[in-house]
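Inside the fold
The residues making up each chain are set out below.
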Amino acid sequence: MRNNIRERERRQMAASGVAAPTRTEVLQLYRSLLRVARQFCDYNIREYSKRRTIDAFRDNKNLTDPSQLSAAFSDGKAQLEVAKRQALVYSLYTPKVKSIMDIKPS
Amino acid sequence: EGFEVTYLPVGSDGLIDLDRLVKEIRPDTGLVSVMAVNNEIGVVQPVEEIGKICKEFNVPFHTDAAQALGKIKVDVEKWNVSLMSLSGHKIYGPKGVGALYLRRRPRIRVEPQMNGGGQERGIRSGTVPTPLVVGMGAACELAMKEMEYDENRIKGLQERLLNGIREKIDGVVVNGSMDRRYVGNLNLSFAYVEGESLLMGLKEVAVSSGSACTSASLEPSYVLRALGVDEDMAHTSIRFGIGRFTTEEEIDRAVELTVKQVEKLREMSPLYEMVKEGIDIKQIQWAQH
């Protein structure tokens, strides 16, 4: 399923001259994503959010083209919004049983 | 009334014999149905080749792509499928929703499962469960973006699991072809160990000794029997599933627990003792009292 509408928006935004993010903004986004990741109660989702953030930023670290940078940055911001919302929703319904990986061996 | 079904055998690697398929197609064959990725052993069937054969003989081709979606490249044109079954929860979407792909050209006609309001041209009467469907759509979108990343990661985890286990214990057999398989599914047989007891001992690892579809029966899985696996090895099989959210630590823990449990069971097993002494257990005449 290709989402052509989102692609078009991204291109329009880049074409309209949305500035590429500054180094500070990128680092701030990175830290915010990792901070939200820590808030997940579920072991697997927590580890996934952490790992995916680190891998995604590492894969994109050599981008130089400003439109690509803006695209990656807005993608990251969108993911941050999703993560913040889900961390809140999941915390409302935390199961009592923790993952076996979270329980320290006695 | 009813239909005649021809079941095709599979080789010991779990793959369909294409020449056999060509032989078995009759002039009155209405449908060829082959699962794209097997849920128990993870083997990927040669769907492209099967699609070509079906096109040649002009027979509609159905495939169950529930385990294939989001994991391997699915191309309905290349595969020449007329019908494809999809499931939402297999790609980290919501449970309770699925989809059936129906080809437009040439149009494949189906009989509705339920009759009612006549929605979707009479094929699917009823109201669409919007949250579930949107969830499945979003899951598909994500799966397409993440497919390469997930596959590379899961391949590494699978190797870590297999090598970790093989380093510590012998008599480990992988069921199904090693080349044509989906990386996230590993079905292992441990010689001289019974599957259900191993499962009961692996309390902290969520594995299965078969597929959910056969959970009610204690018989060894029909899939393994079709592969030609010996009765005793078929009873010992365990299926490990690795996914997007599996971590390296979980793999290491699974290796540790599995090895410990297998060693413990083998320690208790008189059969294993006899094997170590060099007795061929297939030659034993069990006395009747």
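Note that the structure is predicted; figures quoted are calculated from it, not measured. (Residues numbered from 1 in each chain as written. Chains lettered and ligands numbered in written order. Predicted model: local features only at pLDDT ≥ 70, side-chain atom pairs only at ≥ 80, totals over all residues. Heavy atoms only, no water.)

1. Here we look at the overall build of chain B
- When helices and strands are counted, chain B shows nine helices and seven strands.
- Viewed in the frame of its principal axes, chain B has a C-alpha envelope of about 70 × 45 × 35 Å.
- Per-residue burial over chain B gives 43% buried out of 289 residues.
- Across chain B, contacts joining residues at least 24 apart in sequence account for 64% of those joining residues at least 6 apart.
- For chain B, the centre of its 35 positive side-chain charges and the centre of its 42 negative side-chain charges are spaced 7 Å apart. (Helix = DSSP H or I, 4+ residues; strand = E, 2+ residues; numbered from the N terminus. Buried < 20%, exposed > 50% of the residue type's maximum accessible area, 1.4 Å probe, protein only. Contact = heavy atoms within 4.5 Å. Lys, Arg positive; Asp, Glu negative; His and termini not counted. Charge placed at Lys NZ, Arg CZ, Asp CG, Glu CD.)

2. Overview of the packing of aromatic side chains
- Tallied over the full model, the rule gives five aromatic pairs over all chains.
- Between F40(A) and Y90(A), the ring centres sit 6.1 Å apart and the planes meet at 55°, which makes this aromatic pair tilted. In this pair, F40(A) is assigned in the loop between α2 (23–39) and α3 (43–59) and Y90(A) in helix α4 (residues 66–92), connecting sequence segments 50 residues apart.
- Ring centres 5.4 Å apart and planes at 80° place the aromatic pair Y92(B) and F245(B) in the edge-to-face group. Placement of the pair is Y92(B) in the loop between β3 (83–87) and β4 (98–102) and F245(B) in the loop between β7 (237–241) and α8 (248–268), with a sequence separation of 153 residues. (Phe/Tyr/Trp six-rings, centres within 6.5 Å; stacked < 30°, edge-to-face > 60°.)

3. Details of the sheet that holds strand β1 (residues 32–35) of chain B
Residues and elements named next belong to chain B.
- Pairing is mixed in the open sheet, where four strands are placed in the order β1-β2-β3-β4. Bordering the open sheet on either side are β1 and β4, each of which pairs with just one other strand. For this sheet, the mean inter-axis angle between neighbouring strands, taken without regard to orientation, is 15°.
- Both strand β2 (residues 61–64) and β3 contribute to a ladder of three bridges, which runs parallel. Within the sheet, the bridge partner assigned to T63 lies in β3 and is M84.
- Strand contacts of helix α2 (residues 47–57): β1 and β2, with the helix running at about 160° to β2, the strand carrying the most contacts. (Pairing = 2+ DSSP bridges. Axes fitted to C-alpha atoms, helices over the stretch in contact; angles between N-to-C directions.)

4. Comments concerning the interface of chain A and chain B
- Listed as interface residues are 16 residues of chain A and, on the opposing side, 15 residues of chain B.
- Buried surface at the junction of chain A and chain B, both sides included, amounts to about 1,500 Å², of which 50% is carbon and sulfur.
- Where chain A packs against chain B, one counts two salt bridges.
- Scanning the region where chain A abuts chain B turns up seven residue pairs in polar contact (both at pLDDT 80 or more).
- When contributions to the side of chain A that touches chain B are tallied by element, the ones reaching two or more residues are α3 and α4 of chain A.
- With eight residues, the top contributor of residues to the side of chain A that touches chain B is α3(A).
- Residues that form the side of chain A that touches chain B fall into these classes: six nonpolar, three polar and seven charged. (Buried area = accessible area lost by both parts, 1.4 Å probe. Salt bridge = Lys/Arg side-chain N within 4 Å of Asp/Glu carboxyl O. Polar contact = N/O pair within 3.5 Å; in protein donor to acceptor, adjacent residues only side chain to side chain. Nonpolar A, V, L, I, M, F, W, Y, C, P; charged D, E, K, R; others polar.)

5. Considerations on the layout of surface pockets
Residue and element names in this part refer to chain B.
- Roughly 1,800 Å³ of internal volume is contained in the second largest pocket.
- Forming the boundary of the second largest pocket are 45 residues, of which L86, A99, L100, Y101 and L102 lie nearest the centre.
- Listed by contribution, the elements that provide at least two residues to the lining of the second largest pocket are β3, β4 and α4 (130–168).
- Ranked by the residues each element gives to the lining of the second largest pocket, the list is headed by α4, at seven residues.
- Among the residues making up the lining of the second largest pocket, the classes are represented as 26 nonpolar, nine polar and ten charged. (1 Å grid on protein atoms, 1.4 Å probe; cavity = no way out; pocket = protein on both sides within 12 Å on 5 of 7 lines; lining within 4 Å. Points joined across faces, edges and corners; volume = space filled by probe spheres on them.)

6. Regarding the nonpolar core
- Counting 55 residues, the largest nonpolar core has V32(B), I165(B), L188(B), F190(B) and F240(B) as its most contacted members.
- Of the residues that make up this core, three or more belong to each of domain 1 (18–139) and domain 2 (147–283) of chain B.
- Once residues lying within four places of it in the same chain are set aside, the contact partners of V32(B) are L21(B), I25(B), I50(B), C54(B), V59(B), P60(B), F61(B) and H62(B).
- Membership of the second largest hydrophobic core comes to eight residues, among which are V36(A), F40(A), L80(A) and A83(A). (Core = buried A, V, L, I, M, F, W, Y, C linked by side-chain atoms within 4.5 Å. Domains from an automatic or database assignment.)

7. With respect to the domain arrangement of chain B
Residues and elements named next belong to chain B.
- Examined at the domain level, chain B breaks down into domain 1 (18–139) and domain 2 (147–283).
- Between domain 1 and domain 2, the C-alpha centre-to-centre distance is 30 Å.
- At the interface, 15 residues of domain 1 touch 23 residues of domain 2.
- Of the roughly 1,600 Å² buried between domain 1 and domain 2, counting both surfaces, carbon and sulfur atoms make up 55%.

8. A look at the UniProt feature "domain: Complex 1 LYR protein" (unreviewed entry) in chain A
- Mapped onto this numbering, the UniProt entry annotates "domain: Complex 1 LYR protein" (unreviewed entry) at residues 25–82 of chain A.
- The span residues 25–82 of chain A shows a helical share of 84% and a strand share of 0%, and its end C-alpha atoms are spaced 18 Å apart. (UniProt positions renumbered as here; feature names shortened; annotations may be inferred.)

9. Notes on the side chain of Q67(B)
All names here are of chain B.
- Its location among the elements puts Q67 in the loop between β2 and α3 (76–79).
- A residue is classified by how much of its surface remains accessible, and Q67, at 16% relative accessible area, is buried.
- Apart from residues no more than four positions distant in its own chain, Q67 is found in contact with V37, N39 and K90.

10. Some remarks on the environment of I154(B)
All names here are of chain B.
- For I154, the position within the fold is in helix α4.
- When the C-alpha atoms of I154 and R244 are compared, they prove to be 7.3 Å apart, with 90 residues separating the residues in sequence.
- Once you skip the residues sitting within four places of it in the chain, I154 turns out to touch Y182, V183, G184, I242, G243 and R244.

11. Concerning a nonpolar patch on the surface
- Among the surface-exposed residues, V89(A), Y90(A), L92(A) and Y93(A) lie close enough to one another that they form a single nonpolar patch of about 450 Å² accessible area.
- Considering the arrangement of structural elements, one finds V89(A) in helix α4. (Patch = residues over 30% accessible without salt bridge, like charges linked within 9 Å, V, L, I, M, F, W, Y side chains within 5 Å. Areas by Shrake-Rupley, 256 points an atom, 1.4 Å probe, with all protein chains shown as cover.)

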